[in-house]
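# Remarks on the overall topology
This is what each chain is made of:
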2 protein chains.
Amino acid sequence: MCEADAYLIKDGEEELLMKAVDVIEPEDDQGYRVVNIFGEQKIVKGRIKGMHLVDHKILFEGELG
Amino acid sequence: MCEADAYLIKDGEEELLMKAVDVIEPEDDQGYRVVNIFGEQKIVKGRIKGMHLVDHKILFEGELG
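The model shown is predicted, which means the values in this text are computed figures rather than measured ones.

### Section: the nonpolar core
With 30 residues, the main nonpolar core has Ile58(A), Phe60(A), Ile58(B) and Phe60(B) as its most contacted residues. Aside from chain neighbours lying at most four places away, what touches Ile58(B) is Leu53(A), Ala4(B), Asp5(B), Ala6(B), Tyr7(B), Val21(B), Ile24(B), Gly50(B) and Met51(B).

### Remarks on the interface of chain B and chain A
At the interface, 23 residues of chain B touch 23 residues of chain A. With both sides pooled, the region where chain B packs onto chain A buries about 1,900 Å², and carbon together with sulfur makes up 63% of that total. Between the two partners, chain B and chain A, sit seven residue pairs in polar contact (both at pLDDT 80 or more). For the side of chain B that touches chain A, the secondary-structure elements that each account for two or more residues are strand S2 (13-27) and strand S4 (41-52) of chain B. Partitioned by chemical class, the residues of the side of chain B that touches chain A number 14 nonpolar, three polar and six charged. Sheet topology places strand S2 (residues 13-27) of chain A next to S4(B); two bridges connect them, and they run antiparallel. By the bridge assignment, Ile24(A) is partnered in S4(B) with Met51(B).

### Observations concerning the pattern of salt bridges
Residue and element names in this part refer to chain A. Tallying each qualifying case throughout the model produces twelve salt bridges over all chains. Between Glu-25 and Arg-33 there is a salt bridge, and its shortest N-O distance comes to 2.4 Å. The exposure class assigned to Glu-25 is partly exposed, which follows from its relative accessible area of 24%. Residue Arg-33 is classed as partly exposed on the basis of its relative accessible area of 23%.

### A word on the state of the cysteines
Counted according to the given criterion, the structure contains one disulfide over all chains. For Cys2(A), the disulfide goes to Cys2(B), at an S-S distance of 2.2 Å. Disulfide Cys2(A)-Cys2(B): torsion about the S-S bond near -70°, hence left-handed. Highlighted residues: Cys2(A) in the segment before strand S1 (4-10) and Cys2(B) in the segment before strand S1 (4-10), drawn from two different chains.

### Let's talk about the confidence of the model for chain A
For chain A, the average pLDDT comes to 95, and 98% of its residues sit at 70 or higher. Taken element by element, the predicted model of chain A shows its lowest mean pLDDT in strand S5 (residues 57-64) of chain A (95) and its highest in strand S3 (residues 31-36) of chain A (98).

### Digging into the relation of the copies chain B and chain A
Superposing chain B onto chain A takes a rotation of 180° combined with a translation of 0.0 Å along the rotation axis, leaving an RMSD of 0.0 Å. Taken together, the rotation and translation relating the two chain copies correspond to the operation of a two-fold axis. Nearest to the rotation axis, the C-alpha of Cys2(B) is located 2.6 Å from it, this being the minimum over chain B. When the interface residues of chain B are mapped onto chain A, 100% of them are again interface residues, pointing to one common binding face.

Procedures and definitions
- Note on numbering: residues in each chain are counted from 1, in written sequence order.
- Chain letters and ligand numbers both follow the written order, the letters beginning at A and the numbers at 1.
- Only residues with pLDDT of at least 70 are given local features in this predicted model, and only at 80 or more are side-chain atom pairs given and counted; all residues enter the totals for whole chains, interfaces and linings.
- Computation of side-chain values covers all heavy atoms of the structure but excludes hydrogens and water.
- Put simply, buried Ala, Val, Leu, Ile, Met, Phe, Trp, Tyr and Cys residues joined by side-chain atoms within 4.5 Å make one nonpolar core.
- Type-normalised accessible area, obtained with a 1.4 Å probe on protein chains alone, sets the label of each residue: buried when under 20%, exposed when over 50%, and partly exposed for intermediate values.
- Residues are treated as being in contact if the distance between any of their heavy atoms lies within 4.5 Å.
- Accessible area, probed at 1.4 Å, shrinks when two parts are joined; the buried area is that loss added up over both.
- Between N or O atoms, a polar contact is any pair within 3.5 Å; within protein, one atom must be a potential hydrogen donor and the other a potential acceptor, and residues adjacent in sequence are included only when both atoms are from side chains.
- Secondary structure is summarised from DSSP: a helix means a run of H or I of at least four residues, a strand means a run of E of at least two, and numbering begins at the N terminus for each.
- Under the grouping applied here, Gly and all other residues not named as nonpolar or charged are polar, the nonpolar ones being Ala, Val, Leu, Ile, Met, Phe, Trp, Tyr, Cys and Pro and the charged ones Asp, Glu, Lys and Arg.
- Pairing between strands is defined by DSSP: at least two bridges between the two strands are required.
- In the sections that follow, a salt bridge refers to a side-chain nitrogen of Lys or Arg positioned within 4 Å of a carboxyl oxygen of Asp or Glu.
- Disulfides are defined in this document as cysteine sulfur pairs within 2.5 Å.
- As a per-residue measure, pLDDT reflects the predictor's confidence and takes values from 0 up to 100.
- Alignment of the copies relies on least squares applied to C-alpha atoms, considering only residues that score at least 70 for pLDDT in both.

So this is what it looks like as structure tokens:
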């Protein structure tokens with residue numbers, strides 16, 4: 001499978017936000033809705049800092065919505 | 001490999017932007033730099049419309065920079 005793990009950068013530290021992310025979609029123009037392969041979802045208010053798909057890693061900057 | 005194909009939505013149509021995308025990073029707060037596994041890169045001015053990693057698909061809305 002080709003899902004990725006999402007991390008949230010807060011105060012310069014990477015915190016695991018969600019494993020096995022499948023879908024990312026804009027949410028209210030303030031952030032993103034992140035959904036994993038099990039259908040669980042979280043809202044991140046902030047921006048995408050970087051994605052490295054081959055490394056299965058997505059970095060967000062902001063806070064949980 | 002777990003790279004994805006990036007598409008650019010223009011006038012409601014999906015156009016293939018780049019295959020085998022590895023890295024996506026913000027560029028000048030106006031868009032994103034998209035880099036594939038061969039090191040080729042393109043700049044998209046616009047926003048991420050959606051990502052579906054299990055389907056290996058990334059959708060941008062905007063135009064080439």
